[in-house]
Amino acid sequence: MNVPTPKTAANAGAAAPKIITRFAPSPTGLFHVGSYRTALFSYLYARQHGGKFILRIEDTDKLRSKPEYEANIIESLAWMGLEYDEKYRQSEQAPTHRKYLEQMIAEGKAYVSREPAKDKEGNPVLDPASGLQKINDLIRFKNPGTRVAFTDLIRGTIEMETADLKDFVIAKNLDTPLFHLAVVVDDFTEGVTHIIRGEDHISNTPRQILIQRAIGAPEPIYAHLPLVLGEDRSKLSKRKGALAVTEYREQGFLPEALINGMALLGWNPGTDQEILSKTDLLKMFDLSKIQKGGAIFDQKKLRWINKEYLKHQPISAVEDALDVEVSKLGTNALFASDHLTTLIRKLAPLVLERIDTIGDIKTLFSAGEFVYLFKRPVFTTETIVQLLWKDEPSKEKTAERLTHTIEVLKALPDASFADPETIKQALWKYAEEQGKGSVLWPMRFALSGATKSPDPFALAFLLGKEETLTRLNDAIILLKA
RNA sequence: GGCCCUAUCGUCUAACGGUUAGGACACGGCCUUUUCAAGGCUGGAAUCAGAGUUCGAUUCUCUGUAGGGUCACCA
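Residues numbered from 1 in each chain as written. Chains lettered and ligands numbered in written order. Predicted model: local features only at pLDDT ≥ 70, side-chain atom pairs only at ≥ 80, totals over all residues.

Visitor: Can you break down the overall build of chain A residue by residue, with the values?
Guide: Per the secondary structure count, chain A includes 18 helices and 13 strands. The C-alpha radius of gyration computed for chain A amounts to 32 Å, which surpasses the reference 23 Å derived for 481 residues by more than 25%, pointing to a less compact arrangement than a globule. With the principal axes as the frame, chain A shows a C-alpha extent of 100 × 60 × 35 Å. By residue count, 33% of the 481 residues in chain A fall in the buried class. Partitioning the intrachain contacts of chain A with sequence separation of at least 6 by distance along the chain shows that 76% fall at a separation of at least 24. (Helix = DSSP H or I, 4+ residues; strand = E, 2+ residues; numbered from the N terminus. Rg over C-alpha atoms; globule rule 2.2 N^0.38 Å. Buried ≥ 20, exposed ≤ 12 C-beta atoms within 10 Å, placed from the backbone. Contact = placed C-beta atoms within 7 Å.)

Visitor: Provide a residue-level description of the environment of Ile54, including the pertinent values.
Guide: Secondary-structure assignment places Ile54 in strand 2 (residues 52-57). When the C-alpha atoms of Ile54 and Pro454 are compared, they prove to be 51 Å apart, with 400 residues separating the residues in sequence. Non-local contacts of Ile54, meaning those with residues more than four positions away in its chain, are made with Ile20, Arg22, Tyr84, Asp85, Glu86, Tyr88, Glu190 and Val192.

Visitor: Describe the protein's contact with RNA strand B, naming the residues involved and giving the relevant values.
Guide: Neighbouring RNA strand B are 58 residues; Ser26, Glu58, Gly293, Arg354 and Asp455 lie closest to it. Among the elements that line the surface near RNA strand B, the one with the most residues is helix 17 (residues 436-448), at five residues. Grouping the constituent residues of the surface near RNA strand B by class yields 19 nonpolar, 15 polar and 24 charged. (Near = placed C-beta within 6 Å. Nonpolar A, V, L, I, M, F, W, Y, C, P; charged D, E, K, R; others polar.)

Visitor: Which residues make up unusual backbone geometry, and what values do they have?
Guide: In this structure, Arg233 is a non-glycine residue whose phi angle is positive, near 70 degrees. Counting through the fold element by element, Arg233 comes out in the loop between strand 12 (228-229) and helix 6 (245-250). Its 10 C-beta neighbours within 10 Å are what place Arg233 among the exposed residues. A positive phi is found at Phe370, a non-glycine position, where the angle reads about 70 degrees.

Visitor: Outline the pairing of strand 10 (residues 194-198), listing residues and values.
Guide: The buried count for strand 10 comes to four of five residues, which makes it a mostly enclosed element. As judged from the five bridges shared by strand 10 and strand 11 (residues 221-225), these two strands associate in the parallel manner. Note on strand 11: the bridge partner recorded for His194 is Ile221. The handedness of the strand 10 to strand 11 crossover, carried by helix 5 (residues 205-215), is right-handed. (Pairing = 2+ DSSP bridges. Right-handed = clockwise from strand over helix to strand, strands pointing away.)

Right under this line is the structure:
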């Protein structure tokens, strides 16, 4: 068995934990945000009560379970900081499952049933060897057909008639248990006290309770979470745009933001506070205040949350991403490497202003934003026209103003270029006299070659004195040509 | 279709049976501004419908409607 040392000290030295929750995903696909929220709530509940949080990989479906998906679950959980105290793999519990199966058969609570094999669509399966219809021995649960009621922490009492469930199949054979049997036996043997899972399991609960009673297991406390929905209000799935947790990581989302965003789906602290750290959640989370209806996951709000966290991140995160993008620009980059480092450091705060996630930096660069800082803009006959301010279409006048701009900047000591505000002050009076747009627009366009960019003073500050003067000069030459 | 769950702005949600039904995201407008962002101010926007209980229903009850879940030799 695979039982790592408990990673928290929550119950060190204390009596046996009273509350045990579990997260039980099947490794049949990438771990997406819907499952992730279930894990988060189970985790929070266990930690809040000094209990234990168990990860159980439900890999009894040998055909669909893949090791890479299991790895993805573990990787995602680790990235999100949801540390578990114990880990089980359901397939490794087969002897225990067999034991209870045998016991139930011996007690007449289950029986072996010889039936024609069926595939997923319910069509008969042929035996490849004989060509005849294949026959399987299945193990069916002897359904007492009683009415089952259970209490749900979120929904109150739920009652269901179990007779129409018939004698459902609980195992393909003694060594191949199916979902319901495996879940009940594992929750029992692992001592799970609180089952926190998705609403889609509500209708599974009565048959699992039936099995509990048959093997003499106590009934755990249930909490069925509302579903996380796709845009079409149906259960979130991969094909409906559900992203894997690892994909959010690749897009540059922060784990804190994802935790925060997920927690707010179906739950709120009862105050207007929306930015909530894991510590806040541990303090404020309350299972009984969870919403009953499903919730659509709003990507835009997640981006906003991420931005809030990004503001408080060390700026080096932005600088590192800029490094990567700039190095992709290749050999055309204008500056020597030490100047490049300075430029990136100056640029980072400006970039931070216009991104929600670190991944947006890549998007910005792909769209050509900021690229002009590292490569001189190339003017064409069309773009040259844009050097001219809309209220001042005269090339001569514009060239004249640029010339004056150069003179002012040239007169400025190098140190003044360390601050955009100083550059602004130097030019402001002249700009106001001439009409701001007719001075500032050509200057900005000459420096960036773009219709959209930070203001000209910021550009001059970023580029430095020498490069700024070069570009302004180039523009004048162009205008005169 | 049977069974089950759910129902407040476009979205996430708040509101001991008494509120001008509040907030956030998104959206619009204005301000600031040479452009684009950012920022500030501001606007529009909801109790699914119908009965009942009550002096009074978003809130309690019932019915209807709508949406969702589930009905495997998947989990």
